[in-house]
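For reference, the chains in residue letters:
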Amino acid sequence: MNLIQVILIIGIIVLAVSYFRWFRNTGRDLFVIAIITVIGLTFVLFPNITNRLAHILGVGRGADLIFYLCILGFCFALLALYSKIKNLERKITELTRKDALREAREVKD
Amino acid sequence: MNSKNIYLILPAFNEASVLEKVLAEVIKSGYHIVVVNDGSEDDTAKILEHFPITIINHSINLGQGAALQTGMDWAKIKDAEIVIHFDADGQHYADDVENLLKPVLDGECDLAIGSRFLNSKNAVPFFRKQILRMATFIESIFTGIKLTDAHNGLRALNKKALHSIQLSENRMAHATELISQAKRSNLRIKEVAVRVSYTNYTMQKGQGLLGGVHIIFNLLFKKITK
């Protein structure tokens, strides 16, 4: 096993454990993250699988395939994050507006 | 119509340097003036105390779209017949409001929007003109309505329009969202020639190219997630 494989395996496990420790813990999340973790570990331990997959999909190398998938994953994560920020912004707006309308005053001459 | 049934909404964020002059002008109209102080950090709040107006304070800065919606919610509570949007940065002229209101009062349209390009006397700076041309084109793609001006803050809405529009774009994208919702609600739109005052201050407060890119991104995101 190469040193990079050790680093990647540790990285994947740390990320998966951290996610469950600090973030959501629903059954669905557990399932999705467990699948992603297993796929990640398989690709790291058996790099030839990615090469074979890459050839099937018409990509030159396995590393390139992983890179493209990472870009897709990154865009998806960005969109999901932006959506969460927008939802948060909507809630803050509603709260602020409700408060502002309750405290509205009419200044007389 | 009683002028007190007409509500003029001014969203204000850090406008202390011009607000006194703007308020002194609009108050002469006799309409009900509502200023939504959008989390200003300067003396905007202090200045407001000197005028017979309704003051609504956002505890944090949410953006012009959010401030306008708060003002419109207030107008709904007060059972307003007509609402006018008026920028607090001094770019609009109070005596244009009457012209803007006319087609709404005459029942010609539900939503009257100011257009600087219908008034030949407006000397729109070259760079601003190009940005606005581009914005008008992009807005027509998003809304399906071709207007001569984009993001003109001077508008008049009748009761039907007031109750049909619900702005969710907190910042400047609200201007496009408003047109889009107007189309969806089959509101009759009319553009009215208005003047726009270009000073260093209003130019600074206006939309830049980067702001325009941000608006497009917001609108695209909304289209994707709708």
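Preceding block: the structure.
In this text, all values refer to a predicted model and were calculated from it rather than measured experimentally.

Looking at the pairing of strand β2 (residues 32–38) of chain B
Residue and element names in this part refer to chain B.
Here comes step 1: Burial runs high along β2: seven of the seven residues are buried.
Here comes step 2: Of the pairings in the sheet, the one linking strand β1 (residues 6–12) to β2 comprises six bridges and is parallel in character. Following the sheet pairing, Ile9 is matched in β2 by Val34.
Here comes step 3: What joins β1 to β2 is helix α1 (residues 16–27), and the crossover it makes is right-handed.

Considering the packing of helix α4 (residues 62–102) of chain A against helix α3 (residues 64–77) of chain B
Axis angle and axis distance: for two packed helices, these are the angle between their axes and the distance between the axes, and together they describe the pair.
Here comes step 1: At a minimum axis distance of 10 Å, the contact between α4 of chain A and α3 of chain B shows a crossing angle of 45 degrees. Of the possible angle classes, the one that applies to α4 of chain A and α3 of chain B is oblique. As α4 of chain A packs across α3 of chain B, the resulting crossing turns out to be right-handed. On α3 of chain B, the residues touching Thr93, Arg97 and Leu101 of chain A of α4 of chain A are Ala66, Gln69, Thr70, Asp73 and Trp74 of chain B.
Here comes step 2: Tallied by class, residues from the contact of α4 of chain A with α3 of chain B come to three nonpolar, three polar and two charged.

Let's talk about the packing of helix α1 (residues 3–22) of chain A against helix α2 (residues 27–45) of chain A
Residue and element names in this part refer to chain A.
Here comes step 1: In contact at an axis separation of 10 Å, α1 and α2 are set at 175 degrees when each is read in the N-to-C sense. Considering the angle they form, α1 stands roughly antiparallel to α2. When α1 is examined against α2, the residues Gln5, Leu8, Ile9, Ile12, Ala16, Tyr19 and Phe20 are found in contact with a partner set consisting of Asp29, Leu30, Ile33, Thr37, Gly40, Leu41, Val44 and Leu45.
Here comes step 2: A class-by-class count of the residues in the contact of α1 with α2 yields eleven nonpolar, three polar and one charged.

A word on the pattern of salt bridges
Here comes step 1: The final tally for this structure, using the stated rule, is 19 salt bridges over all chains.
Here comes step 2: Put simply, Arg90 of chain A and Glu94 of chain A hold a salt bridge, and the shortest N to O gap is 3.4 Å. Of this pair, Arg90 of chain A and Glu94 of chain A both sit in helix α4, four residues apart, which is roughly one turn of the helix.
Here comes step 3: With a shortest N-O distance of 3.2 Å, Lys78 of chain B and Glu106 of chain A are connected by a salt bridge. Taken together, the positions of Lys78 of chain B in the loop between α3 and β4 (82–85) and Glu106 of chain A in strand β1 (residues 105–106) put the pair across two chains.
Here comes step 4: For Glu106 of chain A, a relative accessible area of 34% translates into the label partly exposed.

Here's the deal with the interface of chain B and chain A
Here comes step 1: Between chain B and chain A, the contact holds 24 residues from the first and 17 residues from the second.
Here comes step 2: At the boundary of chain B with chain A, total buried surface from both sides reaches about 1,900 Å², with 58% on carbon and sulfur atoms.
Here comes step 3: If you look at where chain B meets chain A, you find four salt bridges.
Here comes step 4: Two residues, Arg97 of chain A and Asp73 of chain B, come together in a salt bridge whose shortest N-O distance is 4.0 Å.
Here comes step 5: Counting across the chain B and chain A interface gives seven residue pairs in polar contact (both at pLDDT 80 or more).
Here comes step 6: Of the residues in the side of chain B that touches chain A, the class split is eleven nonpolar, nine polar and four charged.
Here comes step 7: For β1 of chain A and strand β3 (residues 54–58) of chain B, the ladder comprises two bridges, and the chain directions are antiparallel. Residue pairing for β3 of chain B: Glu106 of chain A is matched across the bridge by Thr54 of chain B.

What counts, and at which threshold
- Residues numbered from 1 in each chain as written.
- Chains lettered and ligands numbered in written order.
- Predicted model: local features only at pLDDT ≥ 70, side-chain atom pairs only at ≥ 80, totals over all residues.
- Heavy atoms only, no water.
- Buried < 20%, exposed > 50% of the residue type's maximum accessible area, 1.4 Å probe, protein only.
- Helix = DSSP H or I, 4+ residues; strand = E, 2+ residues; numbered from the N terminus.
- Pairing = 2+ DSSP bridges.
- Right-handed = clockwise from strand over helix to strand, strands pointing away.
- Axes fitted to C-alpha atoms, helices over the stretch in contact; angles between N-to-C directions.
- Parallel < 35°, antiparallel > 145°, perpendicular 65-115°, else oblique.
- Left-handed = near helix turned anticlockwise from the far one by under 90°.
- Contact = heavy atoms within 4.5 Å.
- Nonpolar A, V, L, I, M, F, W, Y, C, P; charged D, E, K, R; others polar.
- Salt bridge = Lys/Arg side-chain N within 4 Å of Asp/Glu carboxyl O.
- Buried area = accessible area lost by both parts, 1.4 Å probe.
- Polar contact = N/O pair within 3.5 Å; in protein donor to acceptor, adjacent residues only side chain to side chain.

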